[in-house]
Structures are given as C-alpha cells and as structure tokens.
Amino acid sequence: MTDYRKRMQEKQRIVVKIGSSSLQHPGTGDLDYIKLEKLVRVLCDIRNQGKDVVLVTSGAIAVGKKAVKPYKDKGEQTSPLAYKQACAAVGQARLMMTYQKIFAEYNQIVAQILMTKNTIVDNMNRVNAHNTFSELLRMGIIPIVNENDTIATYEIHFKEDGDTLIGDNDTLSAIVAALVEADMLILLSDIDGLYTDDPHCNPDAKFIEVVEELNEAYRNMGKASTGSNVGTGGMNTKMVAAQIATSVGADMVIANSRDVSVLHRILNGDKEGTLFLSHRDDSFNLPEFVDNLHKN
C-alpha cells in the first residue's frame, strides 16, 4: 500500500489556516494567547527549516467586537453591517499587532495581506497579489492573510449565512494556496478530519484517513456535517477548499487544532487528520471558480 504520508516531508510551500474557534477561549471569546504563541513558535520553526509559510487567520471581527464593546451604545448605530465593518477595522489592527509582537519574539518578519473576491477575479489584481506573495516568500517573510471585511460587505453577509464563498477562510486559504503555488494546505479547526457522517450526531460515523480522489460522495459527506458555532467554515466549506487545492496540485489536510504541534507531525508524515491527495487539473480556472462562488 502506498504511504502517501511520507511525501509530506518533501513539502516546501505550506499554507496554514486557523479558525476563529481555535484562537479564542470558548467561555469568554477572548484571544487564547498561549495557543497563539505556540502557533507562532511552530510556524517560525517550520520557516527555519527552509520552508515557505503563509498563515490565513480568522478572528478580526470577534477581536474588534470585544474591543469596541464599551463604545457600542454611543449614539445611534448606523446599521448592523456597518457595526461589523467597524469591528473588523478595529479588530484587524489589534489582531495583526498581536501577531507582530509574538513573531518578533522569534525574530520573524511578517506581512499583512487583505484580500477580496476582486483580488482573484480581476486579472491585474491577481497578478499583483501573486507578485507580492512571491517577493515576500523569497525574502523569508511570512504573509498573514485575512479578508478585507471593512469593505467587502457581501463577504460579511455570507459569513452570517454560512455559505461556501470566499467569505469563509477555508475557501480563502485554498485560493491563497493556488495563488502562491503551494504544495500543501493545512486547515486547523476544532474537528479531527472528515467522517462518513456528523460524529456529533451519529456515533457510528467512521473517520476517513485518506481521500485519494475527491468525488461527489465525499462532497455529500461535507454537506451533511457542520462545524463550530464560532467560525463560519463547516465541513462543506472544507470540501470546497479541497476541490480548489487538489485541482491546483496541492495536498490538503484537515486536522484538529487542540495541539498546534500537529503541524510538525503532519509535515513529518505522521497519520494526523484527513489527507486529501492532489490531482492537478490543468483545465481548472481559479478566477472563474471564485467568481461563480459568489453567484446565486
């Protein structure tokens, strides 16, 4: 039997996505600084191995809500959507400042990149974004990516609806993996991987270790499962991410973030999470795929 895990040791350009629920204390919604610090330490260590690293992070709106809470009821609120945009603007700055401080402890430079649908759909924007990523990675800098929720209002709407659009960071991370030509995408969430059914509801659900080829049966498993109440990405969005990543030639792993050292174990070839094997499709059109995700 082919040991697909061993080839994880050869991966050189890795995109890591971490979800909102993985960054917060469940009781308070405040940032879990211990987990955040450990994540940064692991990413820096992977970077010190000579590998390229990109981090896609959630949490800006949640962090912003905590920060602006004392000011929420001052004057008349413009709209719930505008309030979320304001929270995103405050939270993104605070989240990035926190990352900057922790990464600096390990002498690692990071950069912030905020994306929207038009970053991918518009040809010039896409080329410019690719060039920026490429130059940052060439210099050994770790890009930290999030959506630009302060202006991309449709993405905030879709986050509320839980739709499988760029409004979730599972899909965004796969788009980033395609854009930077990564050979590995790791989705860290509060689930162990893909099951034949929702394990919270069906005790007989079986864990799937390897998906050799993503087909309709696996996509239907994703549609039947849900994710965390904190984040916006359920298993369905992870299937969309898998479709993008595997089509552009990147393997993908869904793993539990309870111990972020799982990143080391995945890249060492250990059997952690669900591994989706890449099947490059030269006919796959990323801008067209992303554009269609935003159409009803």
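Residues numbered from 1 in each chain as written. Predicted model: local features only at pLDDT ≥ 70, side-chain atom pairs only at ≥ 80, totals over all residues. Heavy atoms only, no water.

### Focus on the overall build of the chain
Point 1. Assigned secondary structure in the chain consists of 12 helices and 10 strands.
Point 2. Within the span of the chain, comprising 296 residues, buried residues form 55% of the whole.
Point 3. Element-wise, carbon and sulfur atoms account for 47% of the exposed surface of the chain, whose accessible area totals about 13,800 Å². (Helix = DSSP H or I, 4+ residues; strand = E, 2+ residues; numbered from the N terminus. Buried < 20%, exposed > 50% of the residue type's maximum accessible area, 1.4 Å probe, protein only. Areas by Shrake-Rupley, 256 points an atom, 1.4 Å probe, with all protein chains shown as cover.)

### Quick look at helix 2 (residues 33-48)
Because an α-helix packs 3.6 residues into every turn, residues spaced three or four apart end up facing the same way.
Point 1. Helix length check: helix 2, at 16 residues, gives a terminal C-alpha distance of 22 Å against a target of 22 Å (1.5 Å per residue), a fit within 8%.
Point 2. Gly-50 sits one or two residues past helix 2 and shows a positive phi near 95°. (Expected span 1.5 Å × (residues − 1).)

### Section: the environment of Lys-101
Point 1. Locating Lys-101 in the fold gives a position in helix 4 (residues 80-105).
Point 2. Taking the C-alpha atoms as reference points, Lys-101 and Glu-37, 64 residues apart in sequence, are found 9.8 Å from one another.

### Comments concerning the packing of aromatic side chains
Point 1. In total, this model carries three aromatic pairs according to the counting rule given.
Point 2. Taken together, a centroid distance of 5.2 Å and an interplanar angle of 45° make the contact between Phe-284 and Phe-289 tilted.
Point 3. Of the residues examined, Phe-284 reaches a relative accessible area of 19% and is grouped as buried.
Point 4. For Phe-289, a relative accessible area of 18% gives the class buried. (Phe/Tyr/Trp six-rings, centres within 6.5 Å; stacked < 30°, edge-to-face > 60°.)

### Overview of the nonpolar core
Point 1. With 48 residues, the main nonpolar core has Met-115 and Val-176 as its most contacted residues.
Point 2. Formed by 37 residues, the second largest nonpolar core is a distinct cluster that contains Leu-23, Val-42, Phe-103 and Leu-188. (Core = buried A, V, L, I, M, F, W, Y, C linked by side-chain atoms within 4.5 Å.)

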